[in-house]
Amino acid sequence: MAAAIYSLYIINKSGGLIYYKDYGSAGRMDTNDSLRVASLWHSMHAISQQLSPVSGCLGIELLQADTFDLHCYQSLTGTKFFVVCEPGTQHMESLLKYIYELYTDYVLKNPFYEMEMPIRCELFDINLTQAVQKDRVAFLGR
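What you see is a predicted model; the values in this text were computed from it and never measured. (Residues numbered from 1 in each chain as written. Predicted model: local features only at pLDDT ≥ 70, side-chain atom pairs only at ≥ 80, totals over all residues. Heavy atoms only, no water.)

**Student:** Before we move on, can you summarise the packing of aromatic side chains with the specific residues and values?
**Tutor:** Applying the stated rule across the entire model yields 9 aromatic pairs. With 4.8 Å between their ring centres and 50° between their planes, Tyr9 and Tyr20 make a pair best called tilted. With Tyr9 in strand 1 (residues 5-11) and Tyr20 in strand 2 (residues 17-22), this pair connects stretches of sequence that are 11 residues apart. When its relative accessible area of 1% is taken as the criterion, Tyr9 is described as buried. Ring geometry for Tyr9 versus Phe82: centroids 4.5 Å apart, planes at 10°, classification stacked. In this pair, Tyr9 is assigned in strand 1 and Phe82 in strand 5 (residues 80-85), connecting sequence segments 73 residues apart. Note on accessibility: Tyr9 and Phe82 belong to one class, buried. A connected cluster of aromatic rings, assembled from ring pairs, spans Tyr9, Tyr20, Trp41 and Phe82. (Phe/Tyr/Trp six-rings, centres within 6.5 Å; stacked < 30°, edge-to-face > 60°. Helix = DSSP H or I, 4+ residues; strand = E, 2+ residues; numbered from the N terminus. Buried < 20%, exposed > 50% of the residue type's maximum accessible area, 1.4 Å probe, protein only.)

**Student:** Let's hear about the nonpolar core: which residues, and what values?
**Tutor:** Membership of the largest hydrophobic core comes to 23 residues, with the highest contact counts inside it found for Tyr103, Ile119, Phe124 and Leu128. Among the elements of the structure, strand 1, strand 2, strand 5, helix 2 (92-108) and helix 3 (122-141) are those that each provide at least two residues to this core. Top element by residues in this core is helix 2. It accounts for 7 residues. Contacts of Tyr103, omitting those with residues within four sequence positions, involve Ile18, Thr79, Phe81, Leu108, Tyr113, Ile119 and Phe124. (Core = buried A, V, L, I, M, F, W, Y, C linked by side-chain atoms within 4.5 Å. Contact = heavy atoms within 4.5 Å.)

**Student:** Summarise the side chain of Ser48; cite the residues concerned and give the values.
**Tutor:** Relative to the helices and strands, Ser48 is located in helix 1 (residues 31-51). Taking the relative accessible area as the measure of exposure, Ser48 reaches 17% and is therefore buried. Among the polar contacts made by the side chain of Ser48, one reaches the main-chain carbonyl oxygen of His45 at a distance of 2.7 Å. Look past the residues within four positions of Ser48 in its chain and what remains in contact with it is Cys57, Gly59 and Ile60. (Polar contact = N/O pair within 3.5 Å; in protein donor to acceptor, adjacent residues only side chain to side chain.)

**Student:** Account for the pattern of salt bridges, with residues named and values stated.
**Tutor:** Applying the stated criterion across every chain, the model contains 2 salt bridges. With a closest N to O distance of 2.5 Å, Arg36 and Asp33 form a salt bridge. Note that Arg36 and Asp33 are positioned in helix 1 at a spacing of 3 residues, about one turn of the helix. A relative accessible area of 51% means that Arg36 is categorised as exposed. Exposure remark for Asp33: the relative accessible area of 28% places this residue in the partly exposed category. Note that Asp105 and Lys109 form a salt bridge whose closest N and O atoms lie 3.3 Å from each other. Classification of Asp105 by relative accessible area gives partly exposed; the value is 39%. (Salt bridge = Lys/Arg side-chain N within 4 Å of Asp/Glu carboxyl O.)

In C-alpha cells form, the structure reads like this:
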C-alpha cells in the first residue's frame, strides 16, 4: 500500500497560510478550515519552543495521532512546511526538505513573487506534484 500524503501546508513566518494542497484526503476541508489548521499549528509550534525544557528547541517536528502523522520542517527564515500523512509514514523529513528546495528554486527566485504572499507559481505546482508522486512510488518499492 502506498504512503498517503493527505495534505501539504506552507506557513509564512507570521503564521499566515501561503500554500495549501489537498491530496485527496477523506475529510476535505474548506478554505476556512485550512486557515484555522495553519494558524493553530503556527501557535502550537511557537508555544512548544517557549515551553521546551531543552534549550535551543526548534518546536514540534512530529505530531503523531491515531489516524494521521503531522511532520514539520521550519526553514531558517521561519517559513514552516508541514505535511499530514498516514500514521507511520517514513522519510517525510527528506520530502519536506526537498519541497523547501523547490520553494527556493521556483517561488523565491520568481521575480513576480512577493514575500509572505500566497504562492501562485505553476512551475512550483508541477514540480511539487512530481515530488509527491515520486515519494509514493519510492515507498511502494520499500
